[in-house]
Amino acid sequence: MRLRGYELTYPRVVFVAVLLVTLITTGVAVGTSSTPYGSYNYDWDGTSDSRTVAADAGADVEIVRSPAGYHRTAAENATAFILEPTEPYADTEADAVASFLDRGGTVVVAAEGGGEANRLLTELDVSSRFDGRPLRDEQRHYRSPALPVGTPVRDTSATSDVSRVTLNHGTAVTASDSGTVLVNSSGFSYLDANANGELDPTEPVQEYPIVVREDVGNGSVLLVSDGSVFINEMLDRTDNRQFAANLLGGSETLIVDHQRRPAIPDVIAFLLTTADSPLRLLLLAAALVTAVGVAWRRVTASTDGDSSDTPTGDQHPRAALKEELSERRPDWDDERVDRVAAEFTTDNPGSKFTTDNPGSKFTTDDPGSNN
């Protein structure tokens, strides 16, 4: 069978199949992550589905790993998503986020602890803070008091079509005077100050803010008191997916901030770096084409070499023909044998000789002789 001029032999088909399977398997292995909250973690504790939710809502999702990603984005039509930062932001990184806000951008910060998230809020001149103590609710929860359920208290674009938001070991937000509460926990919730999993007499039972918006410069910051709201497993809880779509997909562009998040897979990092450089992209494409071409040539040469040892009706090895001519016409000299053999090579389509056919109608009449 031939395809676009190539002979599709069995070894070639097997080679291509093995190559494709290897590339696909390797790509899946090196292009995924098991890091909690990872953008390329497709397990229950990853946030791969959040990227999909934002894209399905119409946002162009971009992974940003340096301040340059913020600077090149049209802030007034973009939202930045900062999820559970694990390290302090460098001055240049925090300045890039602040500049994004000044240019009219929206920043969503989701965290269940105070730590690095509150440090970043300070850098951004946001007065509201994450409390950091576990929020529990003995009455309004999903499966256990550690998964309290909150309800919107204002109709905004963030809470559109959302009747409840379910946390997973989250905390509360201490709203400043300039902060606007969008979602509260129920009146049965409390902050577990000593983290003993029980309601103690010194722990007030009341509503607590869990989603707060605060305007900063020309932009705004939304604080969500639990990053787990956006993991794959929790998106299936009632209205969490809609809430994520409202926050992450409400702008033309979603910046997923990986400046201080767990590292993304190396292959994804390489592809992102390459995509930012037209020259690197061109060199990568050239390298891939060259590699595939070399591999194809090798397997083609191997299969062609195996088949060329056996002459066919269209291929007359001159050496074999000269040997038979010499046996049949011992009276001919070498020059005459060469001349006659030349007439019956593959250059002569009218040749009737084949070494595979003992009954070949070979004639030893010399076309160039009167004998």
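What comes next is a walk through the structure. (Residues numbered from 1 in each chain as written. Predicted model: local features only at pLDDT ≥ 70, side-chain atom pairs only at ≥ 80, totals over all residues. Heavy atoms only, no water.)

**Re a nonpolar patch on the surface**
(1) Moving on: Taken together, Phe-188, Leu-199 and Val-205 make up a surface patch of nonpolar side chains, about 270 Å² in accessible area.
(2) Moving on: Inspection of the secondary structure puts Val-205 in the loop between β13 (189-191) and β14 (209-216).
(3) Moving on: On the accessibility criterion, Val-205 (40% relative accessible area) is partly exposed. (Patch = residues over 30% accessible without salt bridge, like charges linked within 9 Å, V, L, I, M, F, W, Y side chains within 5 Å. Areas by Shrake-Rupley, 256 points an atom, 1.4 Å probe, with all protein chains shown as cover. Salt bridge = Lys/Arg side-chain N within 4 Å of Asp/Glu carboxyl O. Helix = DSSP H or I, 4+ residues; strand = E, 2+ residues; numbered from the N terminus. Buried < 20%, exposed > 50% of the residue type's maximum accessible area, 1.4 Å probe, protein only.)

**Brief notes about helix α6 (residues 240-248)**
(1) Moving on: Of all the nine residues making up α6, seven are buried; the element is thus mostly covered by neighbouring parts of the structure.
(2) Moving on: The set of residues buried in α6 consists of Asn-240, Phe-243, Ala-244, Ala-245, Asn-246, Leu-247 and Leu-248.

**Quick notes on the nonpolar core**
(1) Moving on: Grouped together as the largest cluster of nonpolar side chains are 38 residues, with contacts concentrated most on Phe-81, Val-224, Phe-230, Phe-243 and Leu-247.
(2) Moving on: Considering each element in turn, this core owes the most residues, five residues, to α6.
(3) Moving on: Ala-75, Ala-94, Val-109 and Ala-117 belong to the second-largest nonpolar core, a separate cluster that totals 28 residues. (Core = buried A, V, L, I, M, F, W, Y, C linked by side-chain atoms within 4.5 Å.)

**A closer look at the packing of aromatic side chains**
(1) Moving on: A complete count under the given rule lists three aromatic pairs for this structure.
(2) Moving on: A centroid spacing of 5.4 Å and a plane angle of 75° characterise the contact between Tyr-70 and Phe-100, whose relative ring orientation is edge-to-face. With Tyr-70 in helix α3 (residues 67-71) and Phe-100 in helix α4 (residues 91-102), this pair connects stretches of sequence that are 30 residues apart. The burial state of Tyr-70 is the same as that of Phe-100; both residues are buried.
(3) Moving on: Members of the aromatic cluster, each reached through a chain of ring pairs, are Phe-81, Phe-230 and Phe-243. (Phe/Tyr/Trp six-rings, centres within 6.5 Å; stacked < 30°, edge-to-face > 60°.)

**Looking at the pairing of strand β4 (residues 78-83)**
(1) Moving on: Among the six residues of β4, six are classified as buried, and the element is accordingly described as predominantly covered.
(2) Moving on: Going residue by residue along β4, you find Ala-78, Ala-80 and Ile-82 tucked away on one face and Thr-79, Phe-81 and Leu-83 tucked away on the opposite face as well.
(3) Moving on: Where β4 and strand β16 (residues 253-257) come together, four bridges link them in parallel fashion. Bridge pairing in β16 links Ala-78 to Thr-253.
(4) Moving on: The pairing of β4 with strand β5 (residues 106-110) spans five bridges and is parallel. Across the sheet, the residue bridging to Ile-82 is Val-109, located in β5.
(5) Moving on: In this fold, β4 hands off to α4, which returns the chain to β5; that crossover is right-handed. (Pairing = 2+ DSSP bridges. Right-handed = clockwise from strand over helix to strand, strands pointing away.)

**Focus on the side chain of Asn-232**
(1) Moving on: Within the secondary structure layout, Asn-232 lies in the loop between β15 (219-224) and α6.
(2) Moving on: Asn-232 gets classed as buried once you look at its relative accessible area, which sits at 6%.
(3) Moving on: Dropping the residues within four chain positions of it, Asn-232 is found in contact with Asn-41, Tyr-42, Asp-43, Trp-44, Gly-46, Thr-47, Ser-48, Asp-49 and Ser-50. (Contact = heavy atoms within 4.5 Å.)

**Observations concerning the packing of helix α2 (residues 48-56) against α6**
(1) Moving on: α6 packs onto α2 with a crossing angle of 65° between their chain directions and a minimal axis gap of 8 Å. Crossing hand, α2 versus α6: right-handed. Contacts from Ser-50, Val-53 and Ala-54 of α2 reach α6 at Arg-241, Ala-244, Ala-245 and Leu-248.
(2) Moving on: In terms of residue class, the contact of α2 with α6 is made up of five nonpolar, one polar and one charged. (Axes fitted to C-alpha atoms, helices over the stretch in contact; angles between N-to-C directions. Left-handed = near helix turned anticlockwise from the far one by under 90°. Nonpolar A, V, L, I, M, F, W, Y, C, P; charged D, E, K, R; others polar.)

**A few points about unusual backbone geometry**
Leave glycine aside and you will find that most residues have negative phi; peptide bonds, for their part, are mostly trans.
(1) Moving on: Despite not being glycine, Asp-125 shows a phi value in the positive range, around 65°.
(2) Moving on: With respect to the secondary-structure elements, Asp-125 resides in the loop between α5 (115-123) and β6 (129-130).
(3) Moving on: One non-glycine residue, Arg-143, lies in positive phi territory at about 70°.
(4) Moving on: In this structure, Arg-143 sits in the loop between β8 (141-142) and β9 (144-152).

**Section: empty space enclosed by the protein**
(1) Moving on: The final tally for this structure, using the stated rule, is two cavities of 30 Å³ or more.
(2) Moving on: Estimates place the volume of the largest cavity at around 40 Å³.
(3) Moving on: Lining the largest cavity we find Ser-39, Thr-47, Ser-50, Arg-51, Phe-81, Leu-248, Leu-254 and Val-256.
(4) Moving on: Taken together, the residues of the lining of the largest cavity break down into four nonpolar, three polar and one charged. (1 Å grid on protein atoms, 1.4 Å probe; cavity = no way out; pocket = protein on both sides within 12 Å on 5 of 7 lines; lining within 4 Å. Points joined across faces, edges and corners; volume = space filled by probe spheres on them.)

Bear in mind that shape data such as this cannot, by itself, settle questions of function.
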